[in-house]
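So you can see what is in the structure, the chains are spelled out below.
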Amino acid sequence: MSALTDAYRLAGLQFTTVHTSPERLEITAETNEHSAACPQCGQVSQRVHGYYWRHPQDLPCGEKAVQVNLRVRRFLCLNPRCSKHTFSAFSSDLPAFSRRTTRVGTVLAKLGFGMGAERAALTSRILHISISPDTVLRLMKTQPLPNTWTPRVLGVDDWAIRKGQTYGTILIDLEKHQVIDVLKDRSTTVLRDWLKAHPGIEIITRDRASDYSRAVTDAAPKALQIADRWHLLCNLSGLVREWILRERTKWKEVIGIVKSQLREPENPSKAGRKTGEGRRQQYREVMLLGKTGGTYKEIAAQTGVPYATVRWWLRGDGSPDDRRPLTEPHRDKIKMCWTAGVDSSLEILRQLKEMGYTGSVDPVRRMLYHLDLEQGLQGRSVPARQRAHRRDFNTTALTRLLTMPKSFLADKDQQFMTLVCAGDKEIAAGYTLVQRFRNMFLNLSVDNKMNLQSWLSEAAQSTIVELRQFAASVERDFGAISAALTMHWSNAQTEGQVNKLKLTKRRHFGRASFELLRRCVLLA
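Cut-offs used in this document
Residues numbered from 1 in each chain as written. Predicted model: local features only at pLDDT ≥ 70, side-chain atom pairs only at ≥ 80, totals over all residues. Heavy atoms only, no water. Helix = DSSP H or I, 4+ residues; strand = E, 2+ residues; numbered from the N terminus. Buried < 20%, exposed > 50% of the residue type's maximum accessible area, 1.4 Å probe, protein only. Contact = heavy atoms within 4.5 Å. Areas by Shrake-Rupley, 256 points an atom, 1.4 Å probe, with all protein chains shown as cover. Salt bridge = Lys/Arg side-chain N within 4 Å of Asp/Glu carboxyl O. Core = buried A, V, L, I, M, F, W, Y, C linked by side-chain atoms within 4.5 Å. Pairing = 2+ DSSP bridges. Right-handed = clockwise from strand over helix to strand, strands pointing away. Phe/Tyr/Trp six-rings, centres within 6.5 Å; stacked < 30°, edge-to-face > 60°. Lys NZ or Arg CZ within 6 Å of the ring centre and 35° of its normal.

### Some words on the overall build of the protein chain
- Summing up its helical and strand segments, the protein chain has 22 helices and 13 strands in all.
- Classification of the 524 residues of the protein chain by burial places 40% in the buried group.
- Taking the intrachain contacts of the protein chain between residues at least 6 apart in sequence as the baseline, contacts between residues at least 24 apart amount to 60%.
- Accessible area of the protein chain: about 29800 Å², with a carbon and sulfur share of 52%.

### A look at the pattern of salt bridges
- If you walk through the whole model with that rule in mind, you get 18 salt bridges.
- A salt bridge links Arg350 to Glu347, with the shortest nitrogen-to-oxygen separation between them at 2.6 Å. Of the two residues, Arg350 and Glu347 are both situated in helix H13 (residues 345-354); the distance of 3 residues between them amounts to about one turn of the helix.
- Here Arg350 falls in the partly exposed class, since its relative accessible area comes to 42%.
- Of the charged contacts, one joins Asp362 and Arg365 as a salt bridge, the two residues approaching to 4.0 Å between their closest N and O atoms. In this pair, Asp362 and Arg365 both sit in helix H14 (residues 362-375), 3 residues apart, roughly one turn of the helix.
- A relative accessible area of 38% means that Asp362 is categorised as partly exposed.
- Shared partners join several salt bridges into a network, and the residues in it are Arg152, Glu175 and Glu202.

### Observations regarding the nonpolar core
- Among the nonpolar cores identified, the biggest contains 39 residues, and Trp251, Leu402, Phe416, Phe437, Leu452 and Trp455 are the most heavily contacted of them.
- Those elements that provide at least two residues to this core are helix H7 (229-246), helix H8 (248-262), helix H15 (395-403), helix H16 (411-423), helix H17 (425-439), helix H18 (447-459), helix H19 (465-476) and helix H20 (478-484).
- Looking at this core element by element, the count peaks at 6 residues for H7.
- Residues in contact with Leu452, not counting those within four places in the same chain, are Phe437, Met440, Val474, Phe478, Ile481, Ser482 and Leu485.

### Section: the pairing of strand E12 (residues 203-206)
- Burial of the side chains of E12 extends over both faces: Ile203 and Thr205 are buried on one face and Ile204 and Arg206 on the other.
- Relative to E12, strand E9 (residues 153-162) runs parallel, the two being bridged by 3 bridges. If you follow Leu154 over to E12, its bridge partner there is Ile204.
- What joins E12 to strand E13 (residues 224-227) is helix H6 (residues 210-219), and the crossover it makes is right-handed.

### Concerning the pairing of strand E1 (residues 13-20)
- Relative to strand E2 (residues 24-31), E1 is paired through 7 bridges, and the arrangement is antiparallel. Across the sheet, Gln14 pairs through a bridge with Glu30, a residue of E2.
- Linking two consecutive strands that pair antiparallel, namely E1 and E2, is a turn of 3 residues.

### Brief notes about the packing of aromatic side chains
- Scanning the model with the defined rule gives 9 aromatic pairs in all.
- Where Trp243 meets Trp251, the ring centres are 5.3 Å apart and the plane angle is 75°; that geometry is what we call edge-to-face. Of the two residues, Trp243 and Trp251, neither departs from the other in class, the shared state being buried.
- Between the aromatic rings of Trp455 and Phe470, the centroid separation amounts to 6.0 Å while the plane-to-plane angle is 80°, which identifies the pairing as edge-to-face. Of this pair, Trp455 sits in helix H18 while Phe470 sits in helix H19, placing them 15 residues apart in sequence. For the residue pair Trp455 and Phe470, the accessibility class agrees, reading buried in each case.
- By the ring-pair criterion, three or more aromatic residues cluster together here, those being Phe437, Phe441, Trp455 and Phe470.
- Its end group placed over the ring of Tyr51, Arg71 keeps NZ or CZ at 3.7 Å from the ring centre.
- If you follow Arg186 out to its NZ or CZ, it ends over the ring of Tyr167, 3.9 Å from the centre.

Right, dumping it as structure tokens:
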């Protein structure tokens, strides 16, 4: 209680009485100033005109709400020409017409910045403060913005105000790990004006957008520009993917040959699925090994029977004759559905069960897959839908193998890439150039600048169109890219702040205005 009394005394108030109830703490106080300046004309007056009462709410004390019954003096203006005849002296701790003290408003605004107005209004009930979400929003909008400063290392990136429609710019002090400002546009003009108003920046990290590059070049020509390494790797993966898709026929041919070379001879003891007497023989072997005390895993490895089937048999849940493959009528029905354009294996399974089929969906999926491979669009009344899984050719997986450093790959993947490169000279040359560029990211050193120059000269002479185009774009932004390969600064921290901004947008259900979002980012 003494600490609370001292706080009110420092605010220029004088205690008179304190009344305590089980739910509330009521403090009666009065202002102790003997003179005040007129807010209209500025003349100081000591003449008291009268008094009136205010009942602001303050921060809770323990588990009790605090309400202040404040007796305020009203002074008489002594200037006969002033239009304001009487006035009251208001302090920064208790603004005019406010129903709560300034520190209560600050706490509620911070709750709103951290969790949104709706959640802040609910949480305030725990603090014994009654407030609506709309009032929390008003408090958030009235909080003063911090002063911007000029950083030494600046991070620049864009963020979506409305995805695909309007974008803004976020500016980060990479040394202080703090957001400096949020701009409403990502154009060259907006960033140029901000940089001219904050001269003295030494290093600027950015993505490869041409608007940001022009703005930095015009407004801060002495600043060192650093391109974002993550975007460079994305550009590299993109060109490799375009190369694979353009030369799809060649890649399929080479990979088909490599897969035939790597295909292991079939182990008779682990030959695929068996039917009839062969499956019953497997069942007898599994049951015999089960009596000797072997584990499911050991029996599956020894007999070649799937682990789930071994467990199913040894538990007595089934027999080898329970497995019923697709009969000829079932196959005819699947082919009829496929010809009619029905791609859903679950829908076909439902129709097969009406015919008495008791198997799983896997045989249906396998037959649909082979029908697509063998016949394509021929004999089909509805165009085939593109399937997500193609076992013969996977562009995404092949892109990863080409762009991943060879030392990071497993032994079988390294062997696969060696055989692919041995099958075609152009592929081998392109893979070598891609790996050389990728390996410069593993060790950031001064030597990478010379390595990049030699790489550009070789890539410009490549027979692969995508590599030549990529080399030309790197040449245009050589200074920023060479700095990215020699210095540790990057835009990774800026991307993290953009993710936090997205979380703030979701917290306000995507309905917050730009000014409110800006305050949430700068004041949270």
